[in-house]
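# Coordinate analysis (summary)
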Amino acid sequence: MTAPQTPPPYLPGHGLLAGRTAVVTAAAGAGIGGATARRLLEEGARVVLSDAHARRLGESEAELAAEFGAGRVAALPCDVTDESQVAALLDLVEERHGRLDIVVNNAGLGGTADLVDMTDAQWDKVLDVTLNGTFRCTRAALRRMKAAGGGGVVVNNASVVGWRAQRGQAHYAAAKAGVMALTRCAAVEAAAYGVRVNAVSPSLAMHPHLVKVTTPELLAELTSREAFGRYAEPWEVANVIVFLASGYSSYLTGEVLSVSSQHP
């Protein structure tokens, strides 16, 4: 096992997304979605946050608006299993800012159950949020980006379990493998109208609240698999999402970037 290394310094923004408008799902709180919203703002974008948890979303909106200005931050609760709520979210983006440039599909739902014990309801719930939700948001975004012209970017959040097996994760792994396949197929179609579709594939990204509800034994087991001997900070995944959303990845589409050493 590699001795745990400390995270690198937090990088300042460089205006990579100045003047662009982004929407991020599941963006409330301290996880990858919240870190991504912050990084997009630090890079100059206007950001519309969404989350199924209205209270946490309101708190995140207030915090970011106080730091970056109310004109650059908006929020709307959105359950990605409801197509009408997805449409309302993107309507808000266009009403506030005129066009949609970047969509980060971060919403996902996990769980642990051996396949022989898994119920249809458990399977359906994870698939509906994680895969179908990404499908609904991607479809809605591509329709608008195609109609508007001028390109755009979609970044989906996958997972290394979409590549490798992990006990108790059949529903989540199937959903994330589906997100990867959806990303590749959508990219081929969207290239015709100048839109790029890519995904990130994290392994273990943790934040203080998640650490508190993870047993020390499980956390030790998971971190022992990591090349750096530690879990990723959410902002380290967000940095890769920013790269995919920016002009630095202009010739990259249909790819799934592993933010980890665990690509098989």
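Residues numbered from 1 in each chain as written. Predicted model: local features only at pLDDT ≥ 70, side-chain atom pairs only at ≥ 80, totals over all residues. Heavy atoms only, no water.

As for its placement among the helices and strands, T21 is situated in strand 1 (residues 21–24). For T21, the side chain forms a polar contact with the side chain of R46, separated by 2.8 Å. Apart from the residues lying within four places of it in its own chain, the contact partners of T21 are R46, V93, H97, R99, L100, D101 and I102. (Helix = DSSP H or I, 4+ residues; strand = E, 2+ residues; numbered from the N terminus. Polar contact = N/O pair within 3.5 Å; in protein donor to acceptor, adjacent residues only side chain to side chain. Contact = heavy atoms within 4.5 Å.)

Moving on, we get to the sheet that holds strand 4 (residues 102–105). Strand order in the open sheet formed by 7 strands is 3-2-1-4-5-6-7, with parallel pairing between adjacent strands. A strand with exactly one partner marks an edge of an open sheet, and here the two such strands are strand 3 (73–77) and strand 7 (256–259). Recorded for the sheet is a direction-independent mean angle of 20 degrees between the axes of neighbouring strands. In terms of strand pairing, strand 1 meets strand 2 (residues 46–51) through 4 bridges, oriented parallel. Looking at the pairing, V24 lines up with L49 of strand 2. Packed onto the sheet, helix 5 (residues 170–190) meets strand 5 (152–157), strand 6 (195–202) and strand 7 and runs at close to 160 degrees relative to strand 6. (Pairing = 2+ DSSP bridges. Axes fitted to C-alpha atoms, helices over the stretch in contact; angles between N-to-C directions.)

Further remarks concern unusual backbone geometry. Backbone geometry places A26, a non-glycine residue, at a positive phi of 50 degrees. Of note, A26 is situated in the loop between strand 1 and helix 1 (32–42).

A separate point is the state of the cysteines. For the coordinates displayed, the defined rule picks out 0 disulfides. For C137, which is in no disulfide, the shortest distance to another cysteine sulfur is to C78 and amounts to 5.7 Å. Of the residues examined, C137 reaches a relative accessible area of 5% and is grouped as buried. Here C185 is not cross-linked by a disulfide; its sulfur's nearest cysteine counterpart is in C137, at 18 Å. (Disulfide = S-S within 2.5 Å. Buried < 20%, exposed > 50% of the residue type's maximum accessible area, 1.4 Å probe, protein only.)

Put simply, helix 1 and helix 8 (residues 234–245) touch, their axes get as near as 8 Å, and they point 55 degrees apart. The angle between helix 1 and helix 8 falls in the class oblique. Considering the relative orientation of helix 1 and helix 8, their crossing is right-handed. Together, I32, A35, T36, R39 and L40 of helix 1 and P234, W235, V237, A238, N239, I241 and V242 of helix 8 make up the contact between the two elements. A per-class count over the contact of helix 1 with helix 8 returns 9 nonpolar, 2 polar and 1 charged. (Parallel < 35°, antiparallel > 145°, perpendicular 65-115°, else oblique. Left-handed = near helix turned anticlockwise from the far one by under 90°. Nonpolar A, V, L, I, M, F, W, Y, C, P; charged D, E, K, R; others polar.)

Turning our attention to helix 2 (residues 54–68). For helix 2, with 15 residues, the first-to-last C-alpha span of 21 Å sits near the 21 Å given by 1.5 Å per residue. Along helix 2, the positions that sit buried rather than exposed are L57, S60, L64, A65 and F68. Take helix 2 and look down its axis: the buried residues cluster within an arc of 125 degrees, on one side only. Turned more than 90 degrees off the buried face of helix 2, the exposed positions are R55 and A66. The elements touched by buried residues of helix 2 are helix 1, strand 2 and strand 3. G69 occupies a position one or two residues after helix 2 and carries a positive phi of about 105 degrees. (Expected span 1.5 Å × (residues − 1). Arc of directions from axis to C-beta.)

Applying the stated criterion across every chain, the model contains 1 aromatic pair. Measuring from ring centre to ring centre gives 5.1 Å for Y10 and W235, while their planes differ by 70 degrees; the resulting arrangement is edge-to-face. Remark: W235 occurs in helix 8 and Y10 occurs in the segment before strand 1; sequence separation between them is 225 residues. The exposure class assigned to Y10 is partly exposed, which follows from its relative accessible area of 37%. Note on W235: relative accessible area 16%, which makes it buried. (Phe/Tyr/Trp six-rings, centres within 6.5 Å; stacked < 30°, edge-to-face > 60°.)

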